[in-house]
Amino acid sequence: MTEKALYICRENNIPLPSEQIQNIRKKCVPQKFKSFFIDENISLENEQVQSKNDFRTKLFLPILDKIINELENRFSINSSILYAIDYLHPKNSKFLSYDDLQPIAQHYKLDTELLKSELKIIPNTINMYQKENKIKITNLINFVDLLEKYKIVFNETYKMVIISITIPVSSAGYERTFSCLKRLETYMRNKMTDERLSNLSMMSIEKKIAKSLDLGEVVDKFAVNHNNRKIILV
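Small disclaimer: the values here were computed from a predicted structure and weren't measured.

**Let's talk about a nonpolar patch on the surface**
Item 1. Together, Phe55, Phe60, Leu64 and Ile68 make up a nonpolar patch on the protein surface, roughly 350 Å² of accessible area in all.
Item 2. With respect to the helices and strands, the residue Phe60 is situated in helix H2 (residues 52–75).
Item 3. On the accessibility criterion, Phe60 (41% relative accessible area) is partly exposed.

Here you go:
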């Protein structure tokens, strides 16, 4: 029983249970999370906060510093690999720089010598590809489309680019979007095909775009494509 409950009982002359009140067992952090748990406390018990500036300097900024330090400690091990991904973007000033791409190539055990040779040829291939197809390679997806056509020639570069676009998918933000499948594929929809499930999940994931659609236009297109329907949509 909490202190608040005891106070209410005393104020309202409610008799307390005769049993001895047991203290609530302290919750412990699971052993597997020990290395991911910050056990440092920031307290204002001995501090006097008299203004907004005191709150900022004695609580807000110390907490912010601890969060930043923790992020740096967590990601410092793989920071060179994560930074290397940025050099695969066509708009980066060091696009396809071999020295900057070495960390990711070595980490995933790619053939660095072959990769170095490929990176020397790719710029000319990009220029040729842009002239023939009259498009600009402005993002990583465009670059993937190019390498898809020449992956036999640029095998190591292709593998590295595919790895780089796969890494973000494993993050928590992307994983949460796939939780919508539990709501879509229910027992009542056990005969739903993969194509329909994929379409419904895309609408759920991209809900902002879906909500902006003109439903009247959708109904009109549906009616045109299903002229044999008995129900005429108006």
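So much for the structure itself; the text now carries on.
**Notes on the packing of helix H3 (residues 79–86) against helix H4 (residues 98–107)**
Item 1. One way to put it is that H3 packs onto H4 with a least axis distance of 7 Å and a crossing angle of 120°. Put simply, H3 runs oblique to H4. The crossing of H3 and H4 is left-handed. On H4, the residues that touch Ser80, Ile81, Ala84 and Ile85 of H3 are Asp100, Leu101, Pro103, Ile104 and His107.
Item 2. For the contact of H3 with H4, the per-class residue count stands at 6 nonpolar, 2 polar and 1 charged.

**A short note on the pattern of salt bridges**
Item 1. This model, assessed by the stated rule, comprises 3 salt bridges.
Item 2. The closest approach of N and O atoms between Lys151 and Glu148, which form a salt bridge, is 3.3 Å.
Item 3. Take Glu148: its relative accessible area is 38%, and that puts it in the partly exposed class.
Item 4. Across the salt bridge formed by Glu156 and Lys159, the nearest N and O atoms sit 3.3 Å from each other. Taken together, the residues Glu156 and Lys159, both in helix H7 (residues 155–166) and 3 residues apart, mark about one turn of the helix.

**Notes on the packing of aromatic side chains**
Item 1. The tally for this structure, following the rule as stated, stands at 1 aromatic pair.
Item 2. Judged by centre distance (5.3 Å) and plane angle (75°), the ring pair of Phe95 and Phe143 falls under edge-to-face. Placement of Phe95 in the loop between H3 and H4 and of Phe143 in helix H6 (residues 140–149) is noted, with a sequence separation of 48 residues between them.
Item 3. Looking at Phe95, the relative accessible area reads 23%, which means it is partly exposed.

Conventions we followed
Residue numbers restart at each chain and count upward from 1, following the sequence in its written direction. Residue-level local features of this predicted model are given only where pLDDT is at least 70; pairs of side-chain atoms are given and counted only at 80 or more, and the full residue set underlies all totals for whole chains, interfaces and linings. Each side-chain value is derived from all of the structure's non-hydrogen atoms; neither hydrogens nor water enter the calculation. Patch building starts from residues that exceed 30% relative accessible area and form no salt bridge, then joins like charges within 9 Å and nonpolar side chains (Val, Leu, Ile, Met, Phe, Trp, Tyr) within 5 Å. Computed with the Shrake-Rupley method and a 1.4 Å probe, the accessible areas treat only the protein chains shown as cover for residues. Salt bridges, as used here, are contacts in which a Lys or Arg side-chain nitrogen is within 4 Å of a carboxyl oxygen on Asp or Glu. A run of H or I in DSSP counts as a helix once it spans at least four residues, and a run of E counts as a strand once it spans at least two, with each numbered from the N terminus. Burial status follows relative accessibility: with a 1.4 Å probe on protein chains alone, a residue under 20% of its type maximum counts as buried, one over 50% as exposed, and anything between as partly exposed. For every element, the axis is a line fit to its C-alpha atoms; helices are fit only across the contacting stretch, and the angle between N-to-C directions ranges from 0 to 180 degrees. Throughout, the term roughly parallel applies to angles under 35 degrees, roughly antiparallel to angles over 145, roughly perpendicular to angles from 65 to 115, and oblique to all others. Rotating anticlockwise by less than a right angle from the far helix to the near helix defines a left-handed crossing, while the corresponding clockwise rotation defines a right-handed one. Every residue pair with non-hydrogen atoms within 4.5 Å of one another is taken to be in contact. As a working rule, the residues Ala, Val, Leu, Ile, Met, Phe, Trp, Tyr, Cys and Pro are called nonpolar, Asp, Glu, Lys and Arg charged, and the rest polar, with Gly in that last group. A pair of Phe, Tyr and Trp rings is counted when the ring centres sit within 6.5 Å of each other, with Trp represented by its six-membered ring. The angle between the planes then sorts it: under 30 degrees is stacked, over 60 is edge-to-face, the rest tilted.

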